[in-house]
Amino acid sequence: MNPFSYARPSSVEEAIDQFRPDSRYIAGGTNLLDLMKENVTRPSQLIDITQLPLADIAETPEGGLRIGALVSNADLAWHPLVEARYPLLSQAILAGASPQLRNMATTGGNLLQRTRCYYFYDATTPCNKREPGTGCPARDGLNRIHAILGHSEACIAVHPSDMCVALAALEAVVHVQGPRGERRIPMADFHRLPGQTPEADNTLIDGELITAVELPAQDFSAHSSYLKVRDRASYAFALVSVAAALDMDGAGIRSARIAMGGVAHKPWRKAEAEAALVGKPADEAAFTAAADILLEGASGFEHNAFKIELGRRAIVRALTDAAKGAAR
Amino acid sequence: MSETSTATGGISACSITLQLNGQSREVEVYPWTTLLDLLREQLHLTGTKKGCDHGQCGACTVLLNGKRINSCLTLAVMHDGAKLTTIEGLAQGEELHPMQAAFVEHDAFQCGYCTPGQICSAVGMIAEGRAETRDDLREQMSGNVCRCGAYPNIVAAIEDATAATRERLAGAKEVTP
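Everything numeric here is computed off the predicted structure, so don't read it as measured data.

Conventions and cut-offs
Residues numbered from 1 in each chain as written. Chains lettered and ligands numbered in written order. Predicted model: local features only at pLDDT ≥ 70, side-chain atom pairs only at ≥ 80, totals over all residues. Helix = DSSP H or I, 4+ residues; strand = E, 2+ residues; numbered from the N terminus. Rg over C-alpha atoms; globule rule 2.2 N^0.38 Å. Buried ≥ 20, exposed ≤ 12 C-beta atoms within 10 Å, placed from the backbone. Contact = placed C-beta atoms within 7 Å. Pairing = 2+ DSSP bridges. Right-handed = clockwise from strand over helix to strand, strands pointing away. Domains from an automatic or database assignment. Axes fitted to C-alpha atoms, helices over the stretch in contact; angles between N-to-C directions. Nonpolar A, V, L, I, M, F, W, Y, C, P; charged D, E, K, R; others polar. Core = buried A, V, L, I, M, F, W, Y, C linked by C-beta atoms within 7 Å. Expected span 1.5 Å × (residues − 1).

The next point concerns the overall build of chain B. When you go through chain B residue by residue, the secondary structure sums to six helices and five strands. The linear arrangement of helices and strands in chain B, starting from the amino end, is α-β-β-α-β-β-β-α-α-α-α. Here the C-alpha atoms of chain B give a radius of gyration of 17 Å, agreeing with the 16 Å that 2.2 N^0.38 yields for 177 residues. Each principal axis of the C-alpha distribution contributes one length, and for chain B these read about 55 × 35 × 30 Å. For chain B, buried positions account for 42% of its 177 residues. For chain B, contacts bridging at least 24 residues in sequence account for 59% of all contacts bridging at least 6.

Have a look at this one:
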């Protein structure tokens, strides 16, 4: 790791005030320190935000939940209100990382974790995300774990989070505070597609700090499922994952949410795929039709084209499981 | 300090205090010193192992304020005042912790490099109280890799020591609320 200075502010305002362009906020640090050890990220200052009052989970007046940015992944997954009302989120979080990492990693940090693309992580290779303009060796290289949707000439990396896939399906809202004040960013607008600027994973501006994630009140708790397909049964990133949530009216579908992980630079959703399920019976024909819409335009590379058919089957399986009830 | 200052870009060390294995220890650390490097390089507590140094193998697992974490992926400077238990702190004098004794009893290792992390992780898992079945146990121990493949005996050792570890944890809570 490169030498850096260290600050430990005691308020959000103080933290934002101390931020310089090459500073990084640190909380759990489980991804940031790893990136620093690999010289992918070389901040001149770390601002330790763990003393800030952002570690609570509280009910909102609208019937949702407000999750402080510093709540650990473990505490969030096992929180009684999350288990009862948002089992999809608990299931997704527990599908990711290891217990040790989940004890340290935070809600805000999980949103900001970076791709595990081999080339991004290897500072001796070119990478448009790490060093804009140097090229993307993944396109013609080892691309088994890479994107099949929303990729660009410049970047085919995927976002690695499981938690974020559930948050996307649940239409969470990210609360941030920065030099220009406070704002709320819907999950759909928080992460971005790579386009010509893959160096930006998300839409935050310099110095903005995630303070909370808000889950809206909803009625998916009885029918949801997070399906993660990976190379081994535990402690591996998703090749493909699906967060599926249904609001059922008897055997029919009142409303649906489907988000995919491991396939794009952000959790992948499409309103048309969800709309196609409304009013339909919860059966394989309806689920397959929705999967086809969600995967429209998918294209693979030498080693990852299998993800298209895998994704289609995973969507059908996750929706089938969701229709049966909620995994807890 | 002049030589050191050059090597560290003029950034000086900070003083922190840890409650380490029941003893108060004041140490000077640079901001970039990981908790693992502090333990091994400065405090010479080499029971905690450096395997991958990237949070992938679990060999560096310690108990921070009672919770299992990867000590390679956290900065020492961020834990001023924390209570830390390493493999060296589990035994009571000459009497092994029940989890240590069970690992010996079940031959739950070959080379032993992952063992301190496995044991600390197992104690942390039992404190969490979420592993009800053998499948739960295997899933919740997946952050600890054993290249020798001693998993069946590791699982047997943990199952065997679960009740005694729970008792030990309950006793510890009564002493320090």
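Having seen it, we continue.
Helix and strand content of chain A: 13 helices and 11 strands. Taken over the C-alpha trace, chain A has a radius of gyration of 19 Å; the compact-globule value for 328 residues is 20 Å, and the two agree within 12%. Counting only C-alpha atoms and orienting by the principal axes, one finds that chain A spans roughly 60 × 50 × 35 Å. Scored against the burial criterion, the 328 residues of chain A give a buried share of 53%. Residue pairs in contact within chain A that sit at least 24 positions apart in sequence constitute 66% of those at least 6 positions apart.

Looking now at the pairing of strand S2 (residues 23–26) of chain A. Residue and element names in this part refer to chain A. The pairing of S2 with strand S3 (residues 45–48) spans four bridges and is classified as parallel. Bridge pairing in S3 links Arg-24 to Leu-46. The handedness of the S2 to S3 crossover, carried by helix H2 (residues 32–37), is right-handed.

All names here are of chain B. When cut into domains, chain B gives domain 1 (13–89) and domain 2 (98–175). One C-alpha centre belongs to domain 1, the other to domain 2, and the line joining them spans 20 Å. On the side of domain 2, 14 residues touch domain 1, which itself brings 15 residues to the contact. For the side of domain 1 that touches domain 2, the secondary structure elements donating two or more residues are strand S3 (61–64) and strand S4 (67–70). A per-element tally of the side of domain 1 that touches domain 2 places S3 first, with three residues.

With that out of the way, let us pick up the sheet that holds strand S10 (residues 240–249) of chain A. Residues and elements named next belong to chain A. A sheet is described by the order of its strands in space; here three strands give the open sequence S9-S10-S11, paired in antiparallel fashion. Of all strands in the sheet, those bounded by a partner on one side alone are strand S9 (224–229) and strand S11 (252–261). This sheet shows a mean twist of 15° between the axes of neighbouring strands, independent of strand direction. Each of S9 and S10 is contacted by helix H5 (residues 87–94), which is oriented at about 15° to S9, the strand it contacts most.

Tallying the contact residues gives 21 residues for chain A and 25 residues for chain B. Those elements that provide at least two residues to the side of chain A that touches chain B are strand S1 (5–7), H2, S3 and helix H6 (99–104) of chain A. Broken down by element, the side of chain A that touches chain B gets its largest block of residues, five residues, from H6(A). Broken down by class, the residue content of the side of chain A that touches chain B amounts to 10 nonpolar, eight polar and three charged.

Moving on, we come to the environment of Gly207(A). All names here are of chain A. With respect to the element layout, Gly-207 can be found in the loop between helix H10 (187–190) and strand S8 (209–215). In this structure Gly-207 comes out as buried when scored by C-beta crowding, with 20 C-beta atoms within 10 Å. Each C-alpha atom, one on Gly-207 and one on Ile-16, is 5.8 Å from the other, the two residues being 191 residues apart in sequence. Excluding residues within four positions of it along the chain, Gly-207 makes contact with Ile-16, Phe-19, Gly-178 and Pro-179.

By a frequent convention, interface size equals the accessible area lost on bringing the separate parts together. Each domain of chain A was delimited in the assignment, giving domain 1 (5–50) and domain 2 (224–324). Computed from C-alpha atoms alone, the centre-to-centre distance between domain 1 of chain A and domain 2 of chain A is 36 Å.

Right, let's get into the nonpolar core. Formed by 153 residues in total, the largest nonpolar core has its most connected members in Leu88(A), Ala166(A), Ala243(A) and Ile315(A). Once residues lying within four places of it in the same chain are set aside, the contact partners of Ala166(A) are Leu88(A), Leu89(A), Ala92(A), Tyr226(A) and Ala243(A).

Residues and elements named next belong to chain A. With 19 residues, helix H13 (residues 306–324) should cover 27 Å at 1.5 Å per step; its first-to-last C-alpha distance of 27 Å lies within 8% of that length. Inspection of H13 places Lys-307, Gly-311, Ala-314, Ile-315, Val-316, Ala-318, Leu-319, Ala-322 and Ala-323 among the buried residues, and these make up the whole buried set. Buried residues along H13 sit against S9, S10, S11 and helix H12 (284–294). Count one or two residues on from H13 and you reach Gly-325, which has phi positive near 150°.

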